[in-house]
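Chain by chain, the residues:
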Amino acid sequence: SIADHAQKNLYLVSGKNPFPGLVDLDRTPYLYEILDSLMPDNGIEKVVLQKGWQSGGTLSALALMLWVMDVSPCPMLIVQPNDELRAKFSKQRITPIVANCKSLQGKISDLEKYGQARDKSRDTIITKQFPGGFLNLGTSKAAVSLRSDSIQIVVFDEVSAYEEDCQGEGDPCTIALGRTSAYEGRKKVFYISTPTIRDQCRIEREYNTTDQRKY
């Protein structure tokens, strides 16, 4: 399972995490059911995590990402609110996690996509390829980063901070979800965010479409 795999392979580096080392999900037991819901073939298409600050939402996305790369490869997209957060997420979260997963050594290749030339002064890696799949990192500000490939798994991280309109092309989540149509019946969509203004934020809207279970 995603949870089992994370506790054996998802290593958090010191300096960036309060509990460095292999993930211990017993510290965040509410994530077990969420990670189980993200497993394939269980009839669940959309999972929504409306949460408090620093409570493991991004950790669950990283556990899913590592499981996809290592166990069940497929096309995956993780969307961040803006370019700065995307770069930080890639360099500070994804890179060390992949580097510390022994079974992925030599299997991951980094690419700049969407016609962007590599600039050695900024290491913004937005695509990672692995055998059987790839991970794209998009932002709510760049429509091209949301609609370039057919995607099976989409993670909307800190979705309440997204732009309402993406470069005049409409809602960024709608743009990204349009890329999942080829995987109807097999796709997973994961929304994560702390809420902002009651009755106005995205994560609350999405949470209200679910069975609204609580831990």
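Residue indices follow the written sequence of each chain, beginning from 1 at its first position. Restriction of local features to residues with pLDDT of at least 70 applies here, the model being predicted, together with a cutoff of 80 or more for giving and counting side-chain atom pairs; totals for whole chains, interfaces and linings are based on all residues. Think of the side-chain values as coming from all heavy atoms in the structure, minus any hydrogens and water.

Asker: Hey, could you run me through unusual backbone geometry in this one?
Answerer: Residues other than glycine predominantly adopt negative phi, and peptide bonds predominantly adopt the trans conformation. Non-glycine residue Gln167 carries a positive phi angle of around 55 degrees. A positive phi angle, near 60 degrees, is found at Gln212, a position not held by glycine. Along the chain, the position of Gln212 falls in the segment after helix H6 (202-207). Strands are runs of DSSP state E lasting at least 2 residues, helices are runs of H or I lasting at least 4, and numbering of each runs from the N terminus.

Asker: What's the story with the packing of aromatic side chains in this structure? I'm lost.
Answerer: The relative placement of two aromatic rings is captured by the distance of their centres and the angle of their planes. A pair of Phe, Tyr and Trp rings is counted when the ring centres sit within 6.5 Å of each other, with Trp represented by its six-membered ring. The angle between the planes then sorts it: under 30 degrees is stacked, over 60 is edge-to-face, the rest tilted. One pass over the full model with this rule turns up three aromatic pairs. Ring centres of Phe156 and Tyr162 lie 6.2 Å apart, and the angle between their planes is 75 degrees; this geometry places the pair in the edge-to-face category. When sorted by exposure, Phe156 lands in the same class as Tyr162, which is buried. Site record: aromatic cluster; members linked through ring pairs are Phe156, Tyr162 and Tyr191. Residue burial is assigned from relative accessible area. The probe radius is 1.4 Å, only protein chains are included, and a residue is buried under 20% of its type maximum, exposed over 50%, and partly exposed in between.

Asker: It is not clear to me how the nonpolar core should be interpreted in this structure. Could you clarify?
Answerer: Put simply, buried Ala, Val, Leu, Ile, Met, Phe, Trp, Tyr and Cys residues joined by side-chain atoms within 4.5 Å make one nonpolar core. In terms of nonpolar packing, the biggest core is built from 39 residues, with Leu10, Leu64, Met65, Met76, Leu135 and Phe190 touching the most fellow members. If one sorts the elements of this core by residue count, helix H3 (residues 57-70) sits on top with 10 residues. It only takes one pair of heavy atoms within 4.5 Å for two residues to be counted as in contact. The contact partners of Leu64, leaving out residues within four places of it in the chain, are Ile2, Leu38, Met76, Ile153, Val155 and Phe190. Ile151, Val154, Tyr162 and Ala176 belong to the second largest nonpolar core, which has 20 residues in total.

Asker: I'm lost on helix H4 (residues 83-99) in this one. Help?
Answerer: Take the residue count of a helix, subtract one, and multiply by 1.5 Å to get its expected span. Between the first and last C-alpha of H4 there are 23 Å, a value that for 17 residues agrees with the 24 Å anticipated at 1.5 Å per step. At Ser90, H4 shows its strongest bend, of approximately 30 degrees. Taken as a whole, H4 has its buried residues at Arg86, Ala87, Phe89, Ser90, Ile94, Pro96, Ile97 and Val98. Looking at the packing, one finds that the buried side of H4 touches strand S1 (11-12), H3, strand S4 (75-80), strand S6 (127-130), strand S7 (133-139) and strand S8 (153-157). Of the residues that open H4, the one with a side-chain oxygen 3.2 Å from the backbone nitrogen of Glu84 is Asn82. A residue's bend is simply the angle between two axes: one fitted to the seven residues ending at it, one to the seven starting at it. Polar contacts, as counted here, are pairs of nitrogen or oxygen atoms within 3.5 Å of one another; within protein the pair requires one atom able to donate a hydrogen and one able to accept it, and residues that are adjacent in sequence qualify only if both atoms are side-chain atoms.

Treat this as a map of the structure, not an account of what it does.
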